[in-house]
Amino acid sequence: MKSVKGIILAGGNGSRLYPLTFGISKQLLPVYDKPMIYYPLSILMLAGISDILIISTKDDTPKFKKLLGNGELLGINISYEIQFEPNGIAESFIIGEKFIANHDVALILGDNIFHGPDLISNVLKAKENLIEGCSSIFGVSVQNPEEFGVIEFDNSDNIINITKKPNHAKSNIIVSGLYFYTNDVVQYSKQLKFSTRGEKEITDINNYYLSKNKLNLIRLNPSILWMDMGTYSSLIQASKYFENYEKKTGNKIACIEEIAIKMGYIDQKKLLKIAKSMSNSEYGKYLLNHVLK
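Residues numbered from 1 in each chain as written. Predicted model: local features only at pLDDT ≥ 70, side-chain atom pairs only at ≥ 80, totals over all residues. Heavy atoms only, no water.

**Student:** Explain the overall build of the protein residue by residue, including any values.
**Tutor:** Helix and strand counts for the protein come out as 11 helices and 13 strands. A globule of 293 residues ought to have a C-alpha radius of gyration of about 19 Å, and the protein, at 19 Å, matches this closely. Structurally, the protein occupies a C-alpha span of about 55 × 40 × 40 Å along its principal axes. Per-residue burial over the protein gives 54% buried out of 293 residues. When the accessible surface of the protein is split by element, carbon and sulfur atoms take 49% of a total near 14100 Å². Side-chain charges in the protein split into 33 positive and 30 negative, and the spacing between the mean points of these groups amounts to 4 Å. (Helix = DSSP H or I, 4+ residues; strand = E, 2+ residues; numbered from the N terminus. Rg over C-alpha atoms; globule rule 2.2 N^0.38 Å. Buried < 20%, exposed > 50% of the residue type's maximum accessible area, 1.4 Å probe, protein only. Areas by Shrake-Rupley, 256 points an atom, 1.4 Å probe, with all protein chains shown as cover. Lys, Arg positive; Asp, Glu negative; His and termini not counted. Charge placed at Lys NZ, Arg CZ, Asp CG, Glu CD.)

In C-alpha coordinates, the structure reads:
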(Lines give C-alpha, C1' and ligand atoms only; values in the text may rest on other atoms or scores of the structure.)
Protein backbone atom coordinates (compact mmCIF):
# COMPACT_ATOMS: atom_id res chain seq x y z
CA MET A 1 0.00 0.00 0.00
CA LYS A 2 1.44 3.37 -1.01
CA SER A 3 1.64 5.97 1.73
CA VAL A 4 -0.62 9.00 1.96
CA LYS A 5 1.01 12.40 2.06
CA GLY A 6 -0.41 15.37 3.93
CA ILE A 7 -0.77 19.06 3.12
CA ILE A 8 -1.60 21.86 5.52
CA LEU A 9 -2.77 25.02 3.76
CA ALA A 10 -1.80 27.92 6.00
CA GLY A 11 -1.89 30.81 3.58
CA GLY A 12 -4.23 33.74 3.07
CA ASN A 13 -4.18 37.21 4.55
CA GLY A 14 -6.30 36.53 7.63
CA SER A 15 -8.17 39.74 6.86
CA ARG A 16 -11.17 38.76 8.99
CA LEU A 17 -8.86 38.95 12.00
CA TYR A 18 -7.22 42.31 11.31
CA PRO A 19 -5.40 43.88 13.15
CA LEU A 20 -4.35 40.62 14.87
CA THR A 21 -2.93 39.27 11.64
CA PHE A 22 -1.13 42.35 10.33
CA GLY A 23 2.19 40.97 11.57
CA ILE A 24 1.60 37.24 11.91
CA SER A 25 -0.12 34.38 10.12
CA LYS A 26 -3.54 33.48 11.46
CA GLN A 27 -2.34 29.89 11.77
CA LEU A 28 0.38 31.00 14.19
CA LEU A 29 -2.04 32.73 16.56
CA PRO A 30 -2.46 30.98 19.93
CA VAL A 31 -5.34 28.64 20.61
CA TYR A 32 -5.02 28.20 24.35
CA ASP A 33 -1.40 27.13 24.91
CA LYS A 34 -0.16 26.31 21.43
CA PRO A 35 -0.04 27.77 17.91
CA MET A 36 -3.14 27.12 15.86
CA ILE A 37 -1.26 25.01 13.30
CA TYR A 38 -0.53 22.36 15.96
CA TYR A 39 -4.17 21.27 15.77
CA PRO A 40 -4.33 20.34 12.05
CA LEU A 41 -0.78 18.98 12.24
CA SER A 42 -1.83 16.68 15.08
CA ILE A 43 -4.70 15.25 13.00
CA LEU A 44 -2.33 14.24 10.22
CA MET A 45 0.17 12.77 12.68
CA LEU A 46 -2.53 10.73 14.43
CA ALA A 47 -3.63 9.43 11.03
CA GLY A 48 -0.15 8.01 10.53
CA ILE A 49 0.78 10.63 7.94
CA SER A 50 4.39 11.61 8.53
CA ASP A 51 5.34 13.30 5.25
CA ILE A 52 3.77 16.75 5.37
CA LEU A 53 3.88 19.89 3.24
CA ILE A 54 3.01 23.28 4.71
CA ILE A 55 1.87 25.87 2.16
CA SER A 56 1.90 29.48 3.30
CA THR A 57 2.70 32.99 2.14
CA LYS A 58 6.15 34.31 1.29
CA ASP A 59 6.27 36.38 4.51
CA ASP A 60 4.94 33.69 6.84
CA THR A 61 6.77 30.61 5.57
CA PRO A 62 10.02 31.50 7.43
CA LYS A 63 7.99 31.76 10.66
CA PHE A 64 6.58 28.26 10.21
CA LYS A 65 10.09 26.99 9.48
CA LYS A 66 11.31 28.56 12.71
CA LEU A 67 8.48 26.91 14.64
CA LEU A 68 8.57 23.42 13.15
CA GLY A 69 11.79 23.11 11.17
CA ASN A 70 12.01 20.07 8.93
CA GLY A 71 10.06 17.95 11.40
CA GLU A 72 13.12 16.01 12.55
CA LEU A 73 12.46 16.71 16.23
CA LEU A 74 9.04 15.09 15.83
CA GLY A 75 10.34 12.18 13.76
CA ILE A 76 8.44 13.32 10.69
CA ASN A 77 9.27 15.11 7.44
CA ILE A 78 8.01 18.67 6.96
CA SER A 79 8.61 20.63 3.79
CA TYR A 80 7.38 24.01 2.63
CA GLU A 81 6.02 25.74 -0.45
CA ILE A 82 4.80 29.29 -1.03
CA GLN A 83 1.37 30.33 -2.28
CA PHE A 84 2.11 33.77 -3.68
CA GLU A 85 -1.53 34.77 -4.11
CA PRO A 86 -4.67 33.43 -2.37
CA ASN A 87 -5.87 31.62 -5.48
CA GLY A 88 -8.03 29.09 -3.70
CA ILE A 89 -7.77 25.86 -1.74
CA ALA A 90 -7.57 23.68 -4.85
CA GLU A 91 -4.33 25.39 -5.89
CA SER A 92 -2.67 23.45 -3.05
CA PHE A 93 -2.45 20.39 -5.27
CA ILE A 94 -0.78 22.30 -8.08
CA ILE A 95 1.72 23.92 -5.72
CA GLY A 96 2.32 20.54 -4.10
CA GLU A 97 2.54 18.47 -7.29
CA LYS A 98 6.19 17.46 -6.86
CA PHE A 99 5.63 16.74 -3.17
CA ILE A 100 2.57 14.56 -3.85
CA ALA A 101 4.29 12.70 -6.72
CA ASN A 102 2.40 9.41 -7.22
CA HIS A 103 0.81 9.33 -3.75
CA ASP A 104 -2.72 9.94 -2.55
CA VAL A 105 -3.07 13.05 -0.43
CA ALA A 106 -4.86 14.43 2.63
CA LEU A 107 -5.42 18.18 2.79
CA ILE A 108 -6.35 20.02 5.96
CA LEU A 109 -6.87 23.73 6.34
CA GLY A 110 -4.56 25.34 8.86
CA ASP A 111 -7.41 27.26 10.49
CA ASN A 112 -9.74 24.29 10.99
CA ILE A 113 -9.88 22.64 14.41
CA PHE A 114 -11.36 19.21 15.04
CA HIS A 115 -11.66 17.32 18.31
CA GLY A 116 -13.86 14.63 19.75
CA PRO A 117 -14.53 10.92 20.23
CA ASP A 118 -14.21 8.75 17.14
CA LEU A 119 -12.62 11.59 15.16
CA ILE A 120 -9.44 9.71 14.34
CA SER A 121 -11.33 6.50 13.52
CA ASN A 122 -13.31 8.55 10.99
CA VAL A 123 -10.09 9.99 9.58
CA LEU A 124 -8.59 6.51 9.28
CA LYS A 125 -11.74 5.40 7.46
CA ALA A 126 -11.15 8.13 4.89
CA LYS A 127 -7.58 6.95 4.54
CA GLU A 128 -8.77 3.39 3.94
CA ASN A 129 -11.28 4.58 1.34
CA LEU A 130 -8.34 5.68 -0.81
CA ILE A 131 -7.36 2.03 -1.21
CA GLU A 132 -10.70 1.51 -2.98
CA GLY A 133 -10.06 4.55 -5.20
CA CYS A 134 -12.58 6.69 -3.32
CA SER A 135 -11.98 10.23 -2.09
CA SER A 136 -13.61 11.48 1.12
CA ILE A 137 -14.96 14.68 2.62
CA PHE A 138 -16.18 15.34 6.16
CA GLY A 139 -19.61 16.82 6.70
CA VAL A 140 -20.65 18.78 9.76
CA SER A 141 -23.93 20.37 10.78
CA VAL A 142 -23.82 24.15 11.30
CA GLN A 143 -26.24 26.98 11.95
CA ASN A 144 -24.80 29.22 9.22
CA PRO A 145 -24.38 26.88 6.21
CA GLU A 146 -24.57 29.74 3.68
CA GLU A 147 -21.01 30.70 4.61
CA PHE A 148 -19.56 27.35 3.48
CA GLY A 149 -19.84 24.62 0.85
CA VAL A 150 -23.34 23.24 1.37
CA ILE A 151 -24.20 19.60 0.64
CA GLU A 152 -27.53 18.97 -1.07
CA PHE A 153 -29.20 15.57 -0.64
CA ASP A 154 -31.97 13.71 -2.43
CA ASN A 155 -34.86 11.95 -0.68
CA SER A 156 -32.67 8.88 -0.14
CA ASP A 157 -29.99 10.95 1.59
CA ASN A 158 -27.59 10.65 -1.33
CA ILE A 159 -25.45 13.66 -2.26
CA ILE A 160 -26.78 15.51 -5.31
CA ASN A 161 -24.52 18.54 -5.35
CA ILE A 162 -22.23 20.76 -3.32
CA THR A 163 -22.68 24.52 -3.63
CA LYS A 164 -20.21 27.14 -2.40
CA LYS A 165 -21.84 29.84 -0.26
CA PRO A 166 -25.37 29.60 -1.72
CA ASN A 167 -27.95 32.30 -1.12
CA HIS A 168 -30.34 29.65 0.18
CA ALA A 169 -28.83 26.51 1.69
CA LYS A 170 -30.49 23.22 0.73
CA SER A 171 -29.29 21.65 4.02
CA ASN A 172 -27.34 22.54 7.13
CA ILE A 173 -24.60 20.00 6.35
CA ILE A 174 -21.43 21.62 5.05
CA VAL A 175 -18.01 20.42 3.92
CA SER A 176 -15.36 20.98 6.59
CA GLY A 177 -11.71 21.69 5.88
CA LEU A 178 -10.35 18.14 5.80
CA TYR A 179 -10.18 16.19 2.55
CA PHE A 180 -8.71 12.88 1.36
CA TYR A 181 -8.14 12.59 -2.40
CA THR A 182 -6.79 10.03 -4.81
CA ASN A 183 -3.70 11.02 -6.76
CA ASP A 184 -5.61 12.25 -9.83
CA VAL A 185 -6.62 15.35 -7.87
CA VAL A 186 -3.40 16.94 -9.10
CA GLN A 187 -4.27 16.63 -12.76
CA TYR A 188 -7.88 17.67 -12.24
CA SER A 189 -6.81 20.76 -10.27
CA LYS A 190 -4.76 21.88 -13.25
CA GLN A 191 -7.85 21.75 -15.43
CA LEU A 192 -9.97 23.88 -13.10
CA LYS A 193 -11.00 27.32 -14.25
CA PHE A 194 -11.00 30.22 -11.84
CA SER A 195 -14.38 30.94 -10.27
CA THR A 196 -16.10 34.32 -10.21
CA ARG A 197 -14.29 34.83 -6.88
CA GLY A 198 -10.98 34.45 -8.73
CA GLU A 199 -10.14 31.13 -7.05
CA LYS A 200 -9.66 27.48 -7.91
CA GLU A 201 -12.49 26.10 -5.82
CA ILE A 202 -12.28 22.94 -3.72
CA THR A 203 -16.04 22.64 -4.24
CA ASP A 204 -15.43 22.04 -7.96
CA ILE A 205 -13.06 19.20 -7.09
CA ASN A 206 -15.62 17.65 -4.74
CA ASN A 207 -18.33 17.86 -7.40
CA TYR A 208 -15.94 16.27 -9.91
CA TYR A 209 -15.45 13.21 -7.69
CA LEU A 210 -19.18 13.19 -6.98
CA SER A 211 -19.90 13.06 -10.74
CA LYS A 212 -17.55 10.07 -11.03
CA ASN A 213 -19.30 8.35 -8.11
CA LYS A 214 -15.99 8.39 -6.24
CA LEU A 215 -16.79 10.75 -3.39
CA ASN A 216 -17.52 9.43 0.09
CA LEU A 217 -19.15 11.61 2.72
CA ILE A 218 -18.19 10.95 6.31
CA ARG A 219 -20.58 12.75 8.63
CA LEU A 220 -19.04 13.87 11.90
CA ASN A 221 -21.47 13.46 14.76
CA PRO A 222 -22.39 16.45 16.97
CA SER A 223 -20.06 15.29 19.74
CA ILE A 224 -17.09 16.17 17.54
CA LEU A 225 -15.99 19.79 17.76
CA TRP A 226 -15.34 21.56 14.48
CA MET A 227 -14.38 25.20 14.33
CA ASP A 228 -13.38 27.49 11.50
CA MET A 229 -11.02 29.92 13.21
CA GLY A 230 -11.97 33.01 11.27
CA THR A 231 -13.36 35.30 13.96
CA TYR A 232 -12.23 36.83 17.24
CA SER A 233 -14.95 34.90 19.04
CA SER A 234 -13.88 31.53 17.60
CA LEU A 235 -10.33 32.09 18.86
CA ILE A 236 -11.63 32.76 22.36
CA GLN A 237 -14.17 29.92 22.30
CA ALA A 238 -11.61 27.38 21.14
CA SER A 239 -9.08 28.51 23.75
CA LYS A 240 -11.68 28.22 26.50
CA TYR A 241 -12.77 24.81 25.21
CA PHE A 242 -9.25 23.36 25.36
CA GLU A 243 -8.45 25.05 28.67
CA ASN A 244 -11.56 23.52 30.22
CA TYR A 245 -10.84 20.13 28.65
CA GLU A 246 -7.32 20.09 30.03
CA LYS A 247 -8.38 21.13 33.52
CA LYS A 248 -11.09 18.47 33.53
CA THR A 249 -9.03 15.58 32.15
CA GLY A 250 -5.42 16.51 32.86
CA ASN A 251 -4.62 15.75 29.20
CA LYS A 252 -3.57 18.03 26.39
CA ILE A 253 -5.02 18.01 22.89
CA ALA A 254 -2.77 18.54 19.85
CA CYS A 255 0.38 18.11 21.92
CA ILE A 256 2.48 17.14 18.91
CA GLU A 257 5.42 15.89 20.98
CA GLU A 258 3.18 13.55 22.95
CA ILE A 259 1.62 12.32 19.72
CA ALA A 260 5.08 11.79 18.23
CA ILE A 261 6.10 9.41 20.99
CA LYS A 262 2.73 7.61 21.10
CA MET A 263 2.88 7.05 17.34
CA GLY A 264 6.44 5.80 17.57
CA TYR A 265 7.91 8.68 15.57
CA ILE A 266 10.42 9.50 18.35
CA ASP A 267 11.81 7.81 21.46
CA GLN A 268 11.91 8.99 25.08
CA LYS A 269 15.42 10.37 24.72
CA LYS A 270 14.32 12.75 21.99
CA LEU A 271 11.21 13.72 23.91
CA LEU A 272 13.22 14.47 27.03
CA LYS A 273 15.43 16.82 25.05
CA ILE A 274 12.40 18.67 23.71
CA ALA A 275 10.73 18.83 27.11
CA LYS A 276 13.83 20.24 28.82
CA SER A 277 14.01 23.02 26.22
CA MET A 278 10.54 24.16 27.35
CA SER A 279 10.83 23.34 31.05
CA ASN A 280 9.96 26.88 32.17
CA SER A 281 6.51 26.68 30.57
CA GLU A 282 3.46 24.75 31.71
CA TYR A 283 3.54 23.00 28.33
CA GLY A 284 7.10 21.80 28.93
CA LYS A 285 6.25 20.72 32.46
CA TYR A 286 3.37 18.68 31.06
CA LEU A 287 5.80 16.80 28.82
CA LEU A 288 8.19 16.22 31.71
CA ASN A 289 5.68 15.26 34.37
CA HIS A 290 2.84 13.69 32.41
CA VAL A 291 4.16 12.27 29.16
CA LEU A 292 7.55 11.18 30.53
CA LYS A 293 6.26 9.97 33.88
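**Student:** With reference to specific residues and values, describe the pattern of salt bridges.
**Tutor:** Applying the stated rule across the entire model yields 15 salt bridges. Of the charged contacts in the structure, one is a salt bridge between K5 and D51, with a shortest N-O distance of 3.6 Å. Here D51 lies in strand β4 (residues 51-56) and K5 lies in strand β1 (residues 4-9), a separation of 46 residues in the sequence. Note that D228 and R16 form a salt bridge whose closest N and O atoms lie 3.7 Å from each other. In this pair, D228 is assigned in strand β13 (residues 225-228) and R16 in the loop between β1 and β2 (30-31), connecting sequence segments 212 residues apart. Here D228 falls in the partly exposed class, since its relative accessible area comes to 22%. The exposure class of R16 is partly exposed, given its relative accessible area of 48%. A single salt-bridge network, built from bridges that share partners, covers D33, K34, E246 and K252. (Salt bridge = Lys/Arg side-chain N within 4 Å of Asp/Glu carboxyl O.)

**Student:** Residues and numbers for the packing of aromatic side chains, please.
**Tutor:** Tallied over the full model, the rule gives 10 aromatic pairs. A ring pair is formed by F93 and Y181, whose centres lie 5.4 Å apart and whose planes are at 85°; its orientation type is edge-to-face. Here F93, found in helix α3 (residues 91-95), pairs with Y181, found in strand β11 (residues 173-181); they are 88 residues apart in sequence, far enough to count as distant. Members of the aromatic cluster, each reached through a chain of ring pairs, are F93, Y179, Y181, Y188, Y208 and Y209. Directly above the aromatic system of F153 lies the positively charged group of R219, at a separation of 4.5 Å from the ring centroid. The cationic tip of K252 hangs over the ring face of Y286; the distance from NZ or CZ to the ring centre is 5.4 Å. (Phe/Tyr/Trp six-rings, centres within 6.5 Å; stacked < 30°, edge-to-face > 60°. Lys NZ or Arg CZ within 6 Å of the ring centre and 35° of its normal.)

**Student:** Give me the side chain of E201: which residues, what numbers.
**Tutor:** Within the secondary structure, E201 is located in the loop between α6 (185-191) and α7 (202-211). Reaching out from E201, the side chain makes a polar contact with the side chain of S195 at a distance of 2.7 Å. In this structure E201 touches A90, K164, L192 and S195, once residues within four positions along its chain are discounted. (Polar contact = N/O pair within 3.5 Å; in protein donor to acceptor, adjacent residues only side chain to side chain. Contact = heavy atoms within 4.5 Å.)

**Student:** Which residues make up helix α8 (residues 232-249), and what are the values?
**Tutor:** Between the first and last C-alpha of α8 there are 26 Å, a value that for 18 residues agrees with the 26 Å anticipated at 1.5 Å per step. S234, L235, A238, S239, F242 and E246 are the residues of α8 that are buried. For α8, the buried positions fall inside an angular range of 130° around the axis, keeping them on one side. Exposed and facing more than 90 degrees away from the buried side of α8 are K240, K247 and K248. Those residues of α8 hidden inside the fold are in contact with β2, α1 (38-46), β7 (112-115) and β13. Phi turns positive, to about 80°, at G250, one or two residues after α8. (Expected span 1.5 Å × (residues − 1). Arc of directions from axis to C-beta.)

**Student:** Hey, could you go over the side chain of D104 for me, with residue numbers and the actual values?
**Tutor:** Along the chain, D104 falls in strand β6 (residues 104-109). Among the polar contacts listed, one links the side chain of D104 to the backbone nitrogen of N183, at a separation of 2.9 Å.

**Student:** Describe the nonpolar core, naming the residues involved and giving the relevant values.
**Tutor:** Counting 53 residues, the largest nonpolar core has L41, I54, L68, F180 and L287 as the members making the most contacts within it. When residues in this core are grouped by element, the largest group, 5 residues, is from α1. Sequence-distant contacts of F180, that is, excluding residues within four places in its chain, are made with I49, V105, A106, V123, A126, K127, L130, S135, S136 and F138. Grouped together as the second largest cluster of nonpolar side chains are 31 residues, F99, L107, L109 and I202 included. (Core = buried A, V, L, I, M, F, W, Y, C linked by side-chain atoms within 4.5 Å.)

**Student:** Give me the lowdown on the environment of S223, citing residues and values where you can.
**Tutor:** Looking at where S223 falls in the secondary structure, it is placed in the loop between β12 (215-219) and β13. A residue is classified by how much of its surface remains accessible, and S223, at 43% relative accessible area, is partly exposed. Sequence-wise, S223 and V142 are 81 residues apart; in three dimensions their C-alpha atoms are separated by 13 Å.

**Student:** Just give me the short version of the pairing of strand β10 (residues 159-164), but keep the residues and values in it.
**Tutor:** The side chains of a regular strand alternate between the sheet's two faces. As paired strands, strand β9 (residues 149-153) and β10 are joined by 5 bridges and run antiparallel to one another. From the neighbouring strand, F153 faces β10, where its bridge partner is I159. Two successive antiparallel strands, β9 and β10, enclose a turn made up of 5 residues, where D157 displays a positive phi of approximately 70°. (Pairing = 2+ DSSP bridges.)

Shape descriptors only; they carry no functional weight alone.
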